[in-house]
Each structure stands twice: as structure tokens, then as C-alpha cells.
Amino acid sequence: MEALIALVIGLLAGCGIYLLLRARTFPVVLGITLLSYAVNLFLFVMGRLSIGVPAIIEPGRSAYADPLPQALVLTAIVIGFGMTAFVVVLALRARADLGNDHVDGREP
Amino acid sequence: MSAVTAHGVIAPILVPLLTGTLLVLLRGSATPLRRTLSMLGVQLLLGVSLWLLLQVADGEILVYRLGNWAAPHGIVLVADRLAAGMVLLTSVLALFAMMHAIQGSDRRGRQFHVLFQFLLMGLNGAFLTGDLFNLFVFFEILLIASYGLLLHGGGAARSRAGLHYVVINLVGSSLFLFAVGTLYGVLGTLNMADLSQRVAALGPEDIGLVRAAALLLFLVFALKAALAPLHLWLPGAYSAAGPAAVALFAIMTKVGAYSILRVYSLIFGADAGPLAGLVDPWMLVLGLITLVVGTLGALASQRLALLVSHLVVVSAGSILTAFGLGGEAALSAGLYYTFQSTLVVAALFMLTENVARTRGAFGDELRAGPMLPAANLLGGLFLVLALAVAGLPPLSGFIGKVLILKASVGAPAAMPWIMAIVLITGLLTLIALARAGSTLFFKTETHARTASLPNVAKLVPVAALAGISLLFVVFASPIHGYAQAAAAQLVDPGGYLEAVLGAGATDNDADADTDTEPAKMAEVAGPRRTTVHSPPDQIMPAH
């Protein structure tokens, strides 16, 4: 399970970085999104993988999942979502202002 | 500790938050009302910051527990001398930037004041927080506000620069989260004081992971601080932004420098065992490289705004050089330099806009233009600020550089390099500024259209900041004394640990050793160890 999750995170991050290095704004935005998915997954599993255990104290339970990474990942998702929305709008505006969708604002 | 003192630590975050929220609600109202409200908010913030500084000036470290959760479990805000000093610096800068903005540049786009207040909130939060994830959150707040401020006024140049700035900062934020996640996964805490103790008692099998996370964190902070080779985003972005916004941006690179100083003095400080002084060798070398690269950029600049943006890089290089030297003398020199250079560079950014407006179509391009009607006034201010930023006597930059050079004597191996690079880059900066000044104020094109008169009200904040640079010379001794006391707190973080984690926290090494046994404590699936640093009755059952 750990190896699978690690592979998934690595794949997401790898694809994200590849797309980030493209010259058009749309792939760059997708790259940022994939990278933030990788980060969110990574943060989440930093509380270790556990199945069927609660994050809140319950009587009669001895095993618990770590609730803190869940709170962290929630914050990171919200922030990441807001930032993605912003960068999409910015990319559209740059397309309108500059007349092309190259990240440097001019065709090479 | 009275109730006012106890809650005062959070005031520098709450004042801009509430002012900003109020301004969002009043978004349809008349401009004078919003300007007055925003100005009042900034003035109140200045008062609160000054009060906070006086509270901590005697060495007391104020800790504010959010939600009254005991230290390693909840988020804490910590006001020591360094944090209070940076908060006051932010407020002073904000006051003058706001004075400049309300002369008209705030009307070039919507919601300037809201973004300005939220940027202040993010800055103050980043300086005050004692929790690594909370630092990330405040970074994001200040960044999203800065994205809006950078684009304020619109235009193709801002869109192009804005896209680069936003994308590179989003990548930086992702790396920040990877680093924070790794640290939490290994150490099971995010409280900086607690992290410091866990790192000190780290088992050899985890050192590699923590070192990787720490260096990743350094990469992120170096990006924010504009340390070479991660400074390339700065000149484009800063030279495109509006005057009041960019004046406040002058302190944003200092947030990166502050974070480096805080994290690597507290968590990876002298007591961190095998990880002590992890980034020290990098910092000094990169600081010197940044100095050289920034100066070359300043020499090559064809526009005044671009030149001043490169001076921000130069100032970041000087500060990180001092921080990289380590030790009380070098840190205090770096702090004194931070305080004065931030204000001087901000004044230069505002003056740039004044000069560009006066020159009409020529803008801030460094070529012969029309004869300026108030060349004495503009040129005089430029002269004073240029002397201050290049480090010539009798202005504050000179004292800052002397302090850095003096501190370098304590490190014989690095001293010749530091002496040579700091002095030569100082000379080259002076040449760049002299060339820019003589082109702008002396060289005139006879058939250029006449220039317009400068707006004197916009020059008031510039002149005031130049005056503050003089005050930094007159009161150099108390200011440097304060910087020295702040550096002493950083060099010996015992007081910080005790204030955050409670008395006796610093000498429970035996305890810490047992908790860092890998978290196979069976009943908790996660890595978080429930270490009780404070009386158990302060801790809620869920923890």
C-alpha cells in the first residue's frame, strides 16, 4: 500500500513538473494543479496509512488515525483551490492583454 | 501579565484583518471614506506595533496561545524582539506607502485598500507565528494579496510580470508543503519550539529525511528572499508594480530572510546536534553571489524602476551575507541593515514613480528627457536616497555596511571575500546610481516636450523616509543596541523555548529522548506523540 501511494504521488508530481515547464499557460496551470494534488496526498499520508480507525476519541477504541494531517490537508486544499482559480483568471487576462498564451507574453 | 498584554500580541494581525473586512463591506462607498478608514487602520497598527515593541524591549517573550491550547498542541503567536521589530518596520513602511497611495494611485484599480490591509495582515502574521504550518498559511495570505496589488492598475506589462510571479510562488508554496509534511511525518509536530527539541534528539536513522526537508525549506525561503539564483522573478515583477504596492513589497523579500533566520536559528541552531548550522555555508556564499548578481543587474538596467528592483536584490544579498556569517555581531549587523535598507528602497520606489510622472512620455527610462521643472527637489531627494542605499556616509547604509564588515573580521576565512565583494559592489552600485541620476536630472533633450510639475504631496512620504534614514544615523546606537539584543535572543533560543513550552522545557532532554523513539506506540496510528510539556489539565481530551 505504501509503495503504491508513493508511486502515485511521484507520478502526479512528475507529470506536474513536466507540465509546469511547458511554454503555454494552460499546461502550466494543469501542472500546478497536479503538483498540488501530489502535495495534498503527500500531506495526508504523513499521518501514516490506517484503515477503519476513527480520528476522534471514542470509548472502547485503542487505535486512532492522526487527525492533524487531515486538518492540514483540508487547509491546503482550500488554499490550493483558491490559488488555482486565481491563476486561471490571470492566464485568461494575460491572454487578453498580450494577445497570446505564451508564458512570456510573446511568441518566441 | 494583564489581559491587555496577554491579548496584545495578536493585535497586529487583527487590526488589518478587521480594517480590511470593513473595507470589503464598504466597497461601494465614497473614496474619501475608504481612504480615511484605511489610513486610520494603518495608524492604529503603527500604534499597536510600537506598543508591542515596548513590551518586548526588555527581553520578555510574549506568547499568545490561540484558543488557549497548550503549546505544542495548539498554534502559538510569539513576540520576541526580532518579531516585534519586523512588525514595527512593516507598520512604518505601510504608513508611508499609504500616504503615497491616497494621492491617487489607489484609484487606478479596485480594492487597493482591501488588498493592502490583507497584505499587512499576512506580513505581521508571518513575523509573529510560532508554528510552521501557520507560517505557510500567512505566506499564502500575503502572497494572494500581493498578486492583487501587483496587478493593481492593469496593463500588459503587469499581466506578463504577474503571471511569472504567481506561478513561481505557487511552485514555492507546493515545495513548502512538501517540506512541512516531511518534517511532520518524521518529527510529529509543527510547533517551532517543539520541533527544535525533537530535532536535537533525532535518531540517526531519520537524519537524512529531516536534512532533506530542511534544505527544501531553505529553498522555499531563498525563493521568497530573492537569493541568487532564485532572484530572477523579482526585477520583472517589482518594476511592473505600482508605486505604493511596490513600496510595501520592499519588505516581502525580508519575510523570506526573516524565516531563514528564525527557522535556522531556532530549529537547526547550535543545539541541533548533527544538523546544527545546516545552511550556514550555503547562506554566506549565496548571499555574496546575490550581491554581485544584483549589482550587475543594477548596472545593466535601462529603467529606473528596474534599477531599484535590482537594489532590492542587492539588499537581500547584503542581509543574507550577514546572516550567513552567524554569531551575535553579524546577526545584529544584518538586522540593522534590514531595517534601514527596507525603508530606503521603498522611498526610492516611490520617488521613481514621481520622476516618471514628471517626465511624461519618457517615463523612468534612463535616457535624456525634458528639463525637469523641480529638478532640485527631485534630484536632491534622489541624491540622499542614493547615498543611503549605496552606503556612503553620513547616511544609514554606511553604518549598516560598516557593521557587516566589522562582523566579518570575526570570520577570518571569509573576511577577504566579504570585504572585497561588499566594497566593490558598493562602488558599482554608486556608479549605477550616479549614471542614472545624471541622465535623469542633468542630460536634457532640447526638443523634448516640457515636463509637468511634480505632485509635492506625493514627495512628502519620500522625504519622510529619507529623514528616517538620517534618524537611523542619529539614533544608530539605540537601534543597533536593540538589534544586538534581538540577535542575542536568536543566538540563545533557550528563552524562546521556555516561553513557548513552559519552564523546564529546556532541560527535559531525557524525556525528549524517549519520545523520539520511533512512533511505534501502537495505539496511535499517526506519528504524533502525545508529549505532555504542560500540566495535563490544560490539554483537551482529544489530544
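These numbers were taken from a predicted model, which means no experiment stands behind them. (Residues numbered from 1 in each chain as written. Chains lettered and ligands numbered in written order. Predicted model: local features only at pLDDT ≥ 70, side-chain atom pairs only at ≥ 80, totals over all residues. Heavy atoms only, no water.)

Before going further, it helps to spend a moment on the overall build of chain A. Looking only at helices and strands, chain A features three helices and zero strands. Here the C-alpha atoms of chain A give a radius of gyration of 19 Å, more than 25% beyond the 13 Å that 2.2 N^0.38 yields for 108 residues. Taken across its 108 residues, chain A has 40% of its residues classed as buried. For chain A, the accessible surface area stands at approximately 6200 Å², while carbon and sulfur atoms represent 72% of it. (Helix = DSSP H or I, 4+ residues; strand = E, 2+ residues; numbered from the N terminus. Rg over C-alpha atoms; globule rule 2.2 N^0.38 Å. Buried < 20%, exposed > 50% of the residue type's maximum accessible area, 1.4 Å probe, protein only. Areas by Shrake-Rupley, 256 points an atom, 1.4 Å probe, with all protein chains shown as cover.)

According to UniProt, the positions carrying the feature "domain: NADH:quinone oxidoreductase/Mrp antiporter transmembrane" (unreviewed entry) are residues 130-429 of chain B. Helix makes up 76% of residues 130-429 of chain B and strand makes up 0%, while its end C-alpha atoms are separated by 37 Å. (UniProt positions renumbered as here; feature names shortened; annotations may be inferred.)

Time to look at the packing of aromatic side chains. Overall, the coordinates contain 18 aromatic pairs over all chains when judged by the stated rule. Between Phe 86 of chain A and Tyr 147 of chain B, the ring centres sit 5.5 Å apart and the planes meet at 25 degrees, which makes this aromatic pair stacked. Linking Phe 86 of chain A in helix α3 (residues 67-98) with Tyr 147 of chain B in helix α6 (residues 132-151), this pair reaches from one chain into another. Judged by its relative accessible area of 22%, Phe 86 of chain A falls in the partly exposed class. Accessibility expressed as a relative area gives 0% for Tyr 147 of chain B, which makes it buried. With centroids separated by 5.8 Å and ring planes inclined at 75 degrees, the aromatic side chains of Tyr 336 of chain B and Phe 472 of chain B adopt a geometry described as edge-to-face. One end of the pair, Tyr 336 of chain B, is in helix α15 (residues 328-358); the other, Phe 472 of chain B, is in helix α19 (residues 456-474), and 136 residues separate them in sequence. The residues Tyr 336 of chain B and Phe 472 of chain B share a single accessibility class, namely buried. Put simply, the rings of Phe 86 of chain A together with Tyr 147, Tyr 165, Trp 233, Tyr 238, Phe 249 and Phe 349 of chain B touch in pairs and so form one group of aromatic residues. (Phe/Tyr/Trp six-rings, centres within 6.5 Å; stacked < 30°, edge-to-face > 60°.)

Turning our attention to the UniProt feature "transmembrane region" (unreviewed entry) in chain A. Residues and elements named next belong to chain A. The feature "transmembrane region" (unreviewed entry), as given by UniProt, occupies residues 6-21, 28-51 and 71-92 in the numbering adopted here. Within residues 6-21, the helical portion is 94% and the strand portion 0%, while the C-alpha atoms at the span's ends are 23 Å from each other. For residues 28-51, the end-to-end C-alpha separation is 35 Å, with 75% helix and 0% strand making up the annotated structure.

A separate point is the interface of chain B and chain A. At the junction of the two partners, chain B supplies 36 residues and chain A supplies 38 residues. Summed over both sides, the interface between chain B and chain A buries roughly 3200 Å², with carbon and sulfur atoms accounting for 76% of that surface. The tally of links from chain B across to chain A stands at zero salt bridges. Across the chain B-chain A interface, the total number found is six residue pairs in polar contact (both at pLDDT 80 or more). Counting residues per element, the ones that place at least two in the side of chain B that touches chain A are α6 and α7 (156-187) of chain B. When grouped by side-chain class, the residues that make up the side of chain B that touches chain A number 21 nonpolar, eleven polar and four charged. (Contact = heavy atoms within 4.5 Å. Buried area = accessible area lost by both parts, 1.4 Å probe. Salt bridge = Lys/Arg side-chain N within 4 Å of Asp/Glu carboxyl O. Polar contact = N/O pair within 3.5 Å; in protein donor to acceptor, adjacent residues only side chain to side chain. Nonpolar A, V, L, I, M, F, W, Y, C, P; charged D, E, K, R; others polar.)

To continue, consider the domain arrangement of chain B. Residue and element names in this part refer to chain B. Parsing chain B into structural domains produces domain 1 (1-274) and domain 2 (279-499). Taken together, the contact pairs 53 residues of domain 1 with 51 residues of domain 2. Both sides of the domain 1 and domain 2 interface together cover about 4600 Å² of buried area, and 77% of this is carbon and sulfur. On the domain 1 side of the contact with domain 2, Arg 81, Phe 96 and His 100 bury the most area, a combined 14% of that side's loss. Put simply, domain 1 and domain 2 have one salt bridge between them. A salt bridge links Arg 108 to Glu 353; the shortest N-O distance between them is 3.1 Å. The interface formed by domain 1 and domain 2 contains nine residue pairs in polar contact (both at pLDDT 80 or more). (Domains from an automatic or database assignment.)

A word on the nonpolar core. Residues and elements named next belong to chain B. If you look at the biggest cluster of nonpolar residues, it comprises 206 residues, and the most contacted ones within it are Leu 132, Tyr 238 and Tyr 264. It is α15 that provides the largest number of residues to this core, a total of 16 residues. For this core, the two domains that each supply at least three residues are domain 1 (1-274) and domain 2 (279-499). One finds Leu 291, Leu 325, Ala 330 and Ile 418 within the second-largest nonpolar core, a separate group that totals twelve residues. (Core = buried A, V, L, I, M, F, W, Y, C linked by side-chain atoms within 4.5 Å.)

When pLDDT is averaged across chain A, the result is 91; 100% of the residues are at 70 or more. Summarising per-element confidence for chain A, the mean pLDDT is lowest in α3 of chain A (92) and highest in helix α1 (residues 2-20) of chain A (95). (pLDDT = per-residue confidence, 0-100.)

Attention now moves to the environment of Gln 302 of chain B. Residue and element names in this part refer to chain B. On the secondary structure map, Gln 302 appears in the loop between α13 (280-300) and α14 (304-325). Using a relative accessible area of 57% as the deciding quantity, one classes Gln 302 as exposed. When the C-alpha positions of Gln 302 and Glu 365 are compared, they lie 6.1 Å apart, and in sequence the two are 63 residues distant. Setting aside residues up to four positions removed in sequence, Gln 302 forms contacts with Asp 364, Glu 365 and Leu 366.

Turning our attention to the pattern of salt bridges. Pairing between side chains of opposite charge can happen when the charged atoms of each approach one another. Counted according to the given criterion, the structure contains twelve salt bridges over all chains. Salt-bridge contacts for Glu 107 of chain A lead to Arg 24 of chain A; the nearest nitrogen and oxygen are separated by 3.1 Å. Highlighted residues: Glu 107 of chain A in the segment after α3 and Arg 24 of chain A in the loop between α1 and α2 (25-45), separated in sequence by 83 residues. Between Glu 365 of chain B and Arg 367 of chain B there is a salt bridge, with its nearest N and O atoms 2.8 Å apart. With a relative accessible area of 40%, Arg 367 of chain B lands in the partly exposed category.

As for its position among the elements, Asp 206 of chain B is in the loop between α8 (192-200) and α9 (207-225). Distance in space between the C-alpha atoms of Asp 206 of chain B and Leu 187 of chain B is 9.0 Å, their sequence separation being 19 residues.

For the rest of this paragraph, the subject is the packing of α13 of chain B against α14 of chain B. All names here are of chain B. As a packed pair, α13 and α14 sit with axes 7 Å apart at the nearest point and diverge in direction by 160 degrees. The orientation of α13 with respect to α14, classified from their angle, is roughly antiparallel. Our pair here, α13 against α14, has a crossing hand that is left-handed. Contacts from Asp 280, Met 283, Leu 284, Gly 287, Leu 288, Thr 290, Leu 291, Gly 294, Thr 295, Gly 297 and Ala 298 in α13 reach Leu 307, His 310, Leu 311, Val 313, Val 314, Gly 317, Ser 318, Leu 320, Thr 321, Phe 323, Gly 324 and Leu 325 in α14. Within the contact of α13 with α14, the residues separate by chemical class into twelve nonpolar, ten polar and one charged. (Axes fitted to C-alpha atoms, helices over the stretch in contact; angles between N-to-C directions. Parallel < 35°, antiparallel > 145°, perpendicular 65-115°, else oblique. Left-handed = near helix turned anticlockwise from the far one by under 90°.)

A few words now on the packing of helix α2 (residues 11-25) of chain B against helix α3 (residues 31-56) of chain B. All names here are of chain B. One can describe the packing of α2 onto α3 by two numbers: an axis separation of 9 Å at closest approach and a directional angle of 175 degrees. Considered as vectors, α2 and α3 are oriented roughly antiparallel to each other. Only Arg 34, Leu 37, Ser 38, Gly 41, Leu 44, Leu 45, Val 48 and Leu 52 of α3 make contact with α2, whose side of the interface consists of Ala 11, Pro 12, Val 15, Pro 16, Thr 19, Leu 22 and Leu 23. Residue classes in the contact of α2 with α3 are distributed as eleven nonpolar, three polar and one charged.

A separate point is unusual backbone geometry. The step from Ala 228 of chain B to Pro 229 of chain B runs through a cis peptide bond, and the omega angle for that step is 0 degrees. Take Pro 229 of chain B: it is sitting in the loop between α9 and α10 (233-240). The omega torsion of the bond from Pro 393 of chain B to Pro 394 of chain B falls at 5 degrees, within 30 degrees of zero and hence cis. Secondary-structure assignment places Pro 394 of chain B in the loop between α16 (375-390) and α17 (396-408). The backbone of Arg 48 of chain A sits at a positive phi, close to 70 degrees, despite the residue not being glycine. Its place among the elements puts Arg 48 of chain A in the loop between α2 and α3. When its relative accessible area of 40% is taken as the criterion, Arg 48 of chain A is described as partly exposed. Unusually for a residue other than glycine, Asn 68 of chain B sits at a positive phi of about 60 degrees. Among the structural elements, Asn 68 of chain B can be located in the loop between β1 (62-65) and β2 (76-79).

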